[in-house]
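Here are the chains, one letter per residue:
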Amino acid sequence: EDKVVQSPLSLVVHEGDTVTLNCSYEVTNFRSLLWYKQEKKAPTFLFMLTSSGIEKKSGRLSSILDKKELFSILNITATQTGDSAIYLCAVRGGSGNKLVFGAGTILRVKS
Amino acid sequence: NAGVTQTPKFRILKIGQSMTLQCTQDMNHNYMYWYRQDPGMGLKLIYYSVGAGITDKGEVPNGYNVSRSTTEDFPLRLELAAPSQTSVYFCAIAGEFGSYEQYFGPGTRLTVT
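Notes on the structure in this doc start here. (Residues numbered from 1 in each chain as written. Chains lettered and ligands numbered in written order. Predicted model: local features only at pLDDT ≥ 70, side-chain atom pairs only at ≥ 80, totals over all residues. Heavy atoms only, no water.)

1. Regarding the overall build of chain B
Consideration 1: In terms of regular secondary structure, chain B is built from 0 helices and 11 strands.
Consideration 2: From first element to last, N terminus to C terminus, chain B shows the α and β order β-β-β-β-β-β-β-β-β-β-β.
Consideration 3: The C-alpha radius of gyration of chain B comes to 13 Å, within 12% of the 13 Å expected for a compact globule of 113 residues.
Consideration 4: Counting only C-alpha atoms, chain B reaches 40 × 30 × 25 Å along its principal axes. (Helix = DSSP H or I, 4+ residues; strand = E, 2+ residues; numbered from the N terminus. Rg over C-alpha atoms; globule rule 2.2 N^0.38 Å.)

Structure (structure tokens):
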């Protein structure tokens, strides 16, 4: 059975801190790993990673994939209160276009 | 939300009642999905569809039914509501041929009492 595990489950940081969120996976026929940010409503897409070692970057957020060790990290530098959200990791494997989601990491950034 | 609309936004059902959650997209995407999200549990796939007339079960299909008669619409039916179906329900769409990220609708918060 495909599985995605995220850690930590939650964390609280102060504005300006740097955080690293972790996502490990076990999936048959890995195709891609996706990160989403969820504030009060629907998840919004952040990154999709398919190749090891290639960093994806968007402003203060970056992510990298290690297909050998089966994990990904999401880094957020110089955190702001607007970064407070649930960060979801999902993996696409097998055939078709189904995603398996982790439970998420709840990030709270205090001012 | 990438052209995905869901209705209603909120609903309270009594045990044993039935209802249909509506999902409509205007992106002409073939892939559509229904998820439920319980606190601390991430998103669980209920049903999905790869095109009009084709549906398949996800991880947690029991107690639900779907249909896909058009590309635009993918309704989710609850026949005999149970308290365990209290959750937030999200509909999502995805394209093909390299565009595999899924885009989510705003969600429906359902409470069964």
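So that's the structure; there's more coming.
2. Points about the packing of aromatic side chains
Where two aromatic rings form a pair, the distance of their centres and the angle of their planes describe that pair.
Consideration 1: Evaluated as defined, the whole model comprises 12 aromatic pairs over all chains.
Consideration 2: With a centroid separation of 4.9 Å and 20° between ring planes, the pair formed by Y25 of chain A and F30 of chain A is classed as stacked.
Consideration 3: A network of ring pairs unites the aromatic residues Y36, F45 and F101 of chain A together with Y33, Y35, Y48, F90, Y103 and F104 of chain B as a single cluster.
Consideration 4: Directly above the ring of F74 of chain B sits R68 of chain B, whose terminal nitrogen or CZ lies 5.9 Å from the centroid. (Phe/Tyr/Trp six-rings, centres within 6.5 Å; stacked < 30°, edge-to-face > 60°. Lys NZ or Arg CZ within 6 Å of the ring centre and 35° of its normal.)

3. Observations concerning the pattern of salt bridges
Consideration 1: According to the stated counting rule, one finds 6 salt bridges over all chains in the structure shown.
Consideration 2: Across the pair K3 of chain A and E26 of chain A runs a salt bridge whose closest N-O atoms are separated by 4.0 Å. One end of the pair, K3 of chain A, is in strand β1 (residues 3-7); the other, E26 of chain A, is in strand β3 (residues 19-26), with 23 residues separating them in the sequence.
Consideration 3: Note on K3 of chain A: relative accessible area 43%, which makes it partly exposed.
Consideration 4: The exposure class assigned to E26 of chain A is partly exposed, which follows from its relative accessible area of 45%.
Consideration 5: Between K44 of chain B and E59 of chain B there is a salt bridge, and its shortest N-O distance comes to 4.0 Å. With K44 of chain B in strand β5 (residues 43-51) and E59 of chain B in the loop between β6 (54-57) and β7 (64-66), this residue pair connects regions lying 15 residues apart in the sequence. (Salt bridge = Lys/Arg side-chain N within 4 Å of Asp/Glu carboxyl O. Buried < 20%, exposed > 50% of the residue type's maximum accessible area, 1.4 Å probe, protein only.)

4. Examining the nonpolar core
Consideration 1: Among the nonpolar cores identified, the biggest contains 23 residues, and V4, Y25, L33, W35, Y87 and L107 of chain A are the most heavily contacted of them.
Consideration 2: When residues of this core are traced back to their parent elements, those giving at least two are β2 (10-14), β3, β4 (32-38), β5 (43-49), β7 (61-66), β8 (71-76), β9 (85-92) and β11 (105-110) of chain A.
Consideration 3: When sequence neighbours within four positions are dropped, the list of residues in contact with V4 of chain A reads C23, S24, Y25, C89, V91, V100, F101 and G102 of chain A.
Consideration 4: By size, the runner-up hydrophobic cluster in this structure holds 20 residues, among which are M32, W34, L76 and A81 of chain B. (Core = buried A, V, L, I, M, F, W, Y, C linked by side-chain atoms within 4.5 Å. Contact = heavy atoms within 4.5 Å.)

5. Some points on the state of the cysteines
Consideration 1: In total, this model carries 2 disulfides over all chains according to the counting rule given.
Consideration 2: Across the disulfide from C23 of chain A sits C89 of chain A; the S-S distance is 1.9 Å. Looking down the S-S bond of the C23 of chain A and C89 of chain A bridge, the torsion is -70°, so its handedness is left-handed. Residue C23 of chain A is found in strand β3, and its partner C89 of chain A is found in strand β9; the two are separated by 66 residues along the sequence.
Consideration 3: Under the relative-accessibility criterion, C23 of chain A is labelled buried at 1%.
Consideration 4: By relative accessible area, C89 of chain A is classed as buried at 0%.
Consideration 5: Disulfide pairing is shown between C23 of chain B and C91 of chain B; the S-S distance is 1.9 Å. Classification of the bridge connecting C23 of chain B and C91 of chain B rests on its S-S torsion, roughly -70°, and on that basis the disulfide is left-handed. Separated by 68 residues along the polypeptide, C23 of chain B in strand β3 (residues 19-25) and C91 of chain B in strand β9 (residues 87-94) bring together distant segments of the chain. Each member of the pair C23 of chain B and C91 of chain B is classed as buried. (Disulfide = S-S within 2.5 Å.)

6. Let's talk about the side chain of D83 of chain A
Residues and elements named next belong to chain A.
Consideration 1: Summarising the element assignment, D83 is placed in the loop between β8 and β9.
Consideration 2: Residue class for D83 comes out buried when judged on its relative accessible area of 3%.
Consideration 3: Among the polar contacts made by the side chain of D83, one reaches the main-chain amide nitrogen of Q80 at a distance of 2.8 Å.
Consideration 4: When sequence neighbours within four positions are dropped, the list of residues in contact with D83 reads K37, R60, I76, L107 and V109. (Polar contact = N/O pair within 3.5 Å; in protein donor to acceptor, adjacent residues only side chain to side chain.)

Functional significance is not addressed by these values, which are geometric in nature.
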